[in-house]
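Report on the structure
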Amino acid sequence: MRLLASIIFAILLAPGATGSCAHEAPSGWEYPFACCSGADCARIDASAVRAGPPGFVVTIAPGRHPMWPRERRELLILEIPYEKSRLSPDGLWHLCINDAGELLCFFAPGGDS
C-alpha cells in the first residue's frame, strides 16, 4: 500500500512540476529533471571554471555549492569533457552534482570554447 501511494504521488508531481514545485535556476529557468532532485543544481562563479583542450575543469570550494558544504573541507575538482556540457539558458555557469560530488549535469554559456 505504501509503495502504491509513493508511485501515485510521484506520477502526480512529475508532469505538473511548475513554479513552487520545480527546481529553478535563480534566473527562472527549470533545471531538467534528469539533472537534479530538488537541490543538486546551483549557479557557480565563472572563476570556478577553467577551459582547456579536453574540456572544463571545475573547482568547487567547500560551501560554494549546496551539495558541497563547508564540512567537506577539501576542494571538489571535476574534469568535464566539452561533449558532456549543456548550453546554459541564462548564459551563466551551473553545476549539478550529487552528495558524493559526482557530476549530474553541467551548464556552460555559449561562446567560442
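First, a word on scope: everything that follows refers to the structure included in this document. Not measured: the values here are computed from a predicted model. (Residues numbered from 1 in each chain as written. Predicted model: local features only at pLDDT ≥ 70, side-chain atom pairs only at ≥ 80, totals over all residues. Heavy atoms only, no water.)

**Focus on the overall build of the protein chain**
Our working rule: Only runs of H or I of at least four residues qualify as helices and only runs of E of at least two qualify as strands under DSSP, and these elements are numbered from the N terminus. Here, two residues are considered to be in contact whenever any of their heavy atoms come within 4.5 Å of each other. Note that accessible areas follow from Shrake-Rupley with a 1.4 Å probe, and for residues the cover is restricted to the protein chains shown.
Along the protein chain, the regular secondary structure elements total one helix and seven strands. Shown N-terminal to C-terminal, the secondary structure of the protein chain runs as helices and strands in the order α-β-β-β-β-β-β-β. Of all intrachain contacts in the protein chain linking residues separated by at least 6 positions in sequence, the fraction that spans at least 24 positions is 41%. Total accessible area computed for the protein chain in this model is approximately 7,400 Å², and 58% of it derives from carbon and sulfur atoms.

**With respect to the pairing of strand E7 (residues 103-108)**
Applied cut-off: At least two DSSP bridges between two strands are required for those strands to pair.
Where strand E5 (residues 85-87) and E7 come together, three bridges link them in parallel fashion. Along E7, the bridge assignment pairs Arg86 with Phe107. Bridging between strand E6 (residues 94-97) and E7 involves four bridges; their strand directions are antiparallel. In the sheet register, Ile97 faces E7, and the bridge partner there is Leu103. The antiparallel hairpin formed by E6 and E7 contains five residues in its connecting segment, where Gly101 sits at a positive phi of about 85 degrees.

**Focus: the nonpolar core**
To keep things clear, this is the line we draw: Definition of nonpolar core: a set of buried residues of the types Ala, Val, Leu, Ile, Met, Phe, Trp, Tyr and Cys, connected through side-chain atoms within 4.5 Å. Only protein chains enter the accessibility calculation, which uses a 1.4 Å probe; a residue whose area is less than 20% of its type maximum is buried, one above 50% is exposed, and one in between is partly exposed.
Within the largest apolar cluster, 16 residues are counted, with the highest numbers of intra-cluster contacts made by Ile44, Phe56, Val58, Ile60, Leu95 and Phe106. Those elements giving two or more residues to this core turn out to be strand E3 (55-60), strand E4 (76-81), E6 and E7. In this view, Leu95 contacts Asp40, Cys41, Ala42, Ile44, Val58, Ile60, His65, Leu78, Ile80, Leu103, Cys105 and Phe106; residues no more than four positions away in its chain are not counted. Of all hydrophobic cores here, the second largest spans nine residues; its members include Ala25, Trp29, Cys36 and Cys105.

**Thoughts on the packing of aromatic side chains**
To keep things clear, this is the line we draw: Aromatic rings from Phe, Tyr and Trp, taking only the six-membered ring of Trp, are treated as a pair when their centres fall within 6.5 Å; an angle between ring planes under 30 degrees marks them as stacked, one over 60 as edge-to-face, and anything in between as tilted.
What the rule picks out here adds up to seven aromatic pairs. Relative to Phe106, the ring of Phe56 has its centre 5.2 Å away and its plane inclined at 55 degrees; by these criteria the two rings are tilted. Of this pair, Phe56 sits in strand E3 while Phe106 sits in strand E7, placing them 50 residues apart in sequence. Here Phe56 matches Phe106 in class, with each residue buried. Pairwise contacts between aromatic rings join Phe56, Tyr82, Trp93 and Phe106 into one cluster.

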